[in-house]
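# Remarks on the overall topology
Take a look at the letters that make up each chain.
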Amino acid sequence: MITVIDDWLSGEEVSGILKVVGDEVFSNWGEFPLYFQPFVATPADNQFNGFFTHLFYDAGNPASDHRWIIDDIVYPKYLNMGDDIIKRKTKLNDVKVNVFTRTNELETFGFHSDLFGAEHNSLVYFLNDCDGYLLFDDGSKIRQKSNRVVIITDGHNYKHASTSTTDTKVRANINMVLS
């Protein structure tokens, strides 16, 4: 099941997140380190158009001093979604910010499942508006819109792909994988 909710967080929560991860055009990262990854889903992706990431949790282990964004804002909101959505998938596995740079043409990266070979839920929270989107293997798309969340219940049953953006400096989101 794929659940899409607009205006998911309060204005105050959104502002708190953006003060840390970047301003409205994502040009002011301050003390929030980003690390380059050469490919998005598989090594077959274009290695020259990788992306930047910041890990909050890596394999279930805390990986950032900024994880309060997840612990205090995103994760509690997810837990209040109700069991029909979360289905007892509450263990944080990998949680990160993804920042895809602008490309001249919209680039689609490889289809994947966020936690290969294991039952899980995926949550993608969009940090800005742009023409990028999530693409599912059935051809459906969910366009990126600021303060929109996409929760993929039983994420192991849904392959999806990320895209770049052509109309803003970056496409930025938070990706949370739970088992």
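What comes next is a walk through the structure. Since this is a predicted model, take the numbers as computed values, not measurements. (Residues numbered from 1 in each chain as written. Predicted model: local features only at pLDDT ≥ 70, side-chain atom pairs only at ≥ 80, totals over all residues. Heavy atoms only, no water.)

Taken as a whole, this structure holds four aromatic pairs when the rule is applied. An angle of 20 degrees between the planes, with centres 5.4 Å apart, marks the rings of Phe51 and Phe100 as stacked. Taken together, the residues span a long stretch of sequence, with Phe51 in strand 3 (residues 51-58) and Phe100 in strand 5 (residues 92-101) at a distance of 49 residues. As far as burial versus exposure is concerned, Phe51 and Phe100 are alike and both buried. Each member of the aromatic cluster is reached from another via a ring pair, and the members are Phe51, Phe100 and Phe109. (Phe/Tyr/Trp six-rings, centres within 6.5 Å; stacked < 30°, edge-to-face > 60°. Helix = DSSP H or I, 4+ residues; strand = E, 2+ residues; numbered from the N terminus. Buried < 20%, exposed > 50% of the residue type's maximum accessible area, 1.4 Å probe, protein only.)

The next thing to look at is the pairing of strand 5. Here strand 5 lies mainly inside the structure; seven of its ten residues are buried. Two strands pair when backbone bridges link them, and strand 3 and strand 5 are joined in this way by five bridges, in the antiparallel orientation. Paired with Thr53 across the two strands is Asn98, which belongs to strand 5. For strand 5 and strand 11 (residues 170-178), the ladder comprises eight bridges, and the chain directions are antiparallel. Looking across to strand 11, one finds that Thr101 is bridged to Val170. (Pairing = 2+ DSSP bridges.)

Time to look at the pattern of salt bridges. If the charged atoms of two oppositely charged side chains come close together, the side chains can form a pair. One pass over the full model with this rule turns up seven salt bridges. As a salt-bridge pair, Lys145 and Asp6 come within 3.6 Å of each other at their nearest N and O atoms. Of the two residues, Lys145 is situated in the loop between strand 8 (141-143) and strand 9 (149-152) and Asp6 in the loop between strand 1 (2-5) and helix 1 (11-21); the sequence distance between them amounts to 139 residues. The class of Lys145 is partly exposed, set by a relative accessible area of 32%. Connected through salt bridges with shared partners, the residues Asp6, Lys145 and Arg148 form a single ionic network. (Salt bridge = Lys/Arg side-chain N within 4 Å of Asp/Glu carboxyl O.)

Now for unusual backbone geometry. Across the chain, the bulk of peptide bonds are trans and the bulk of non-glycine residues have phi less than zero. Even without being a glycine, Arg88 presents a positive backbone phi close to 60 degrees. Position of Arg88 among the secondary structure elements: in the loop between helix 3 (83-86) and strand 5. Judged by its relative accessible area of 66%, Arg88 falls in the exposed class. Of note, the phi angle at Asn147 is positive, near 65 degrees, even though the residue is not glycine. Accessibility expressed as a relative area gives 9% for Asn147, which makes it buried.

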